[in-house]
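Here's the letter readout for the chains.
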Amino acid sequence: MTNLAHDLLTQATTRLERLTALTESGGLDPAVDLLVDALDAGGVLQAFGTGHSQAFAMEIAGRAGGLIPTNRIALADLVLYGNRDVSDLGGSALERDPAVVDELFDVSIIHPEDVFLIASNSGVNGSIVGFALAVKERGHKLIAVTSLEHTNSVEPKHPSSKRLADVADVVIDNLAPFGDTTLELPGGIGVGAISSITSAFIAQLLTVEVSRKISERDEVPPLYISANIPEGDAHNSALEDKYRGKIRRVA
């Protein structure tokens, strides 16, 4: 087990170092520029993911050290704010259903100046591609976080025959291998999924780079501080008020 733990650490570290080098060489600049432009226009960063890719959206929206003008869009919103029954959330049916797109837009708080970040390891499921297409049809800029190795190895499931990477303005490779797992147990069983780790790192890199760019203009980036430190709630509430009607916070 010790060797497996070390091997997983190596797999993760190697990828995080590659993402760091990409950032340092300016590889994330096109995405960062889109995000800063949206914030300058008074827009919000709208993050969406299904399955385990919801973790990426949670890293973008509503956490300490994160940007305040952000929203996390989730399939669960169809129950919380729409007419879907909670039983609809079981399994992967909604994730693969292109028809949920209009419902998601109807229950979300979206303005023309907003930019979207969509995470999907495979980048081919119906709701993901359908939502991405709807984002572009409505005139928004779109950043995709996906595994290029995986998405190029599987057939699209959306009627358009498109992948998330085909639709986005900017594509960021999460560097996960086909199937996501990085280690192999006896018998060929895969273990050690990596996309959640690299996608969370990408989310934080984007947050850091956007904040750095705003700070370099001698402006204060609109960041959350922990609610568990003195004055945290007051600081956060004051900035959330600035974006009232544009952001939504749920537990």
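Reference entry: report on the structure contained in this document. (Residues numbered from 1 in each chain as written. Predicted model: local features only at pLDDT ≥ 70, side-chain atom pairs only at ≥ 80, totals over all residues. Heavy atoms only, no water.)

Some points on the overall build of the protein
Scanning the protein for helices and strands turns up 10 helices and seven strands. Whereas a compact globule of 251 residues would reach a radius of gyration of roughly 18 Å, the protein reaches 18 Å, a difference of no more than 12%. Dimensions of the protein, computed from the C-alpha atoms along their principal axes, are close to 55 × 40 × 30 Å. By residue count, 45% of the 251 residues in the protein fall in the buried class. If you take every contact in the protein between residues at least 6 apart in sequence, the share linking residues at least 24 apart comes to 75%. Carbon and sulfur atoms make up 53% of the accessible area of the protein, which amounts to about 12000 Å² in all. For the protein, the separation between the mean place of its 20 positive charges and that of its 34 negative charges on side chains is 3 Å. (Helix = DSSP H or I, 4+ residues; strand = E, 2+ residues; numbered from the N terminus. Rg over C-alpha atoms; globule rule 2.2 N^0.38 Å. Buried < 20%, exposed > 50% of the residue type's maximum accessible area, 1.4 Å probe, protein only. Contact = heavy atoms within 4.5 Å. Areas by Shrake-Rupley, 256 points an atom, 1.4 Å probe, with all protein chains shown as cover. Lys, Arg positive; Asp, Glu negative; His and termini not counted. Charge placed at Lys NZ, Arg CZ, Asp CG, Glu CD.)

Here we look at helix α9 (residues 195–215)
Residues separated by three or four positions in an α-helix point in the same direction, a consequence of the helix having 3.6 residues per turn. Its 21 residues place the ends of α9 30 Å apart at the C-alpha level, agreeing with the 30 Å of an ideal helix rising 1.5 Å per residue. Those residues of α9 that sit buried are S195, T198, S199, I202, A203, L205, L206, T207, E209, V210, S211 and I214. (Expected span 1.5 Å × (residues − 1).)

As for the layout of surface pockets
Any empty space left between atoms is shown by rolling a water-sized probe over those atoms. By volume, the largest pocket amounts to about 310 Å³. Every residue lining the largest pocket is counted, 18 residues in all, and those nearest its centre are A61, R72, R248, R249 and V250. Elements represented by at least two residues in the lining of the largest pocket include exactly β2 (70–73) and α4 (77–80). Looking at the lining of the largest pocket element by element, the count peaks at three residues for β2. In the lining of the largest pocket, the residues fall into 10 nonpolar, four polar and four charged. (1 Å grid on protein atoms, 1.4 Å probe; cavity = no way out; pocket = protein on both sides within 12 Å on 5 of 7 lines; lining within 4 Å. Points joined across faces, edges and corners; volume = space filled by probe spheres on them. Nonpolar A, V, L, I, M, F, W, Y, C, P; charged D, E, K, R; others polar.)

Side note on the pattern of salt bridges
Under the definition given, this model contains 11 salt bridges. E59 is the salt-bridge partner of R63, the closest N and O atoms lying 3.0 Å from each other. Under the relative-accessibility criterion, R63 is labelled partly exposed at 35%. A relative accessible area of 18% places E59 in the buried class. The salt bridge partner of R138 is D102, with a shortest N-O separation of 3.6 Å. Within this pair, whereas R138 is found in the loop between α6 (126–137) and β4 (141–146), its partner D102 is found in helix α5 (residues 101–107), the two being separated by 36 residues in sequence. Here R138 falls in the partly exposed class, since its relative accessible area comes to 40%. (Salt bridge = Lys/Arg side-chain N within 4 Å of Asp/Glu carboxyl O.)

Read these as geometric descriptors, not functional statements.
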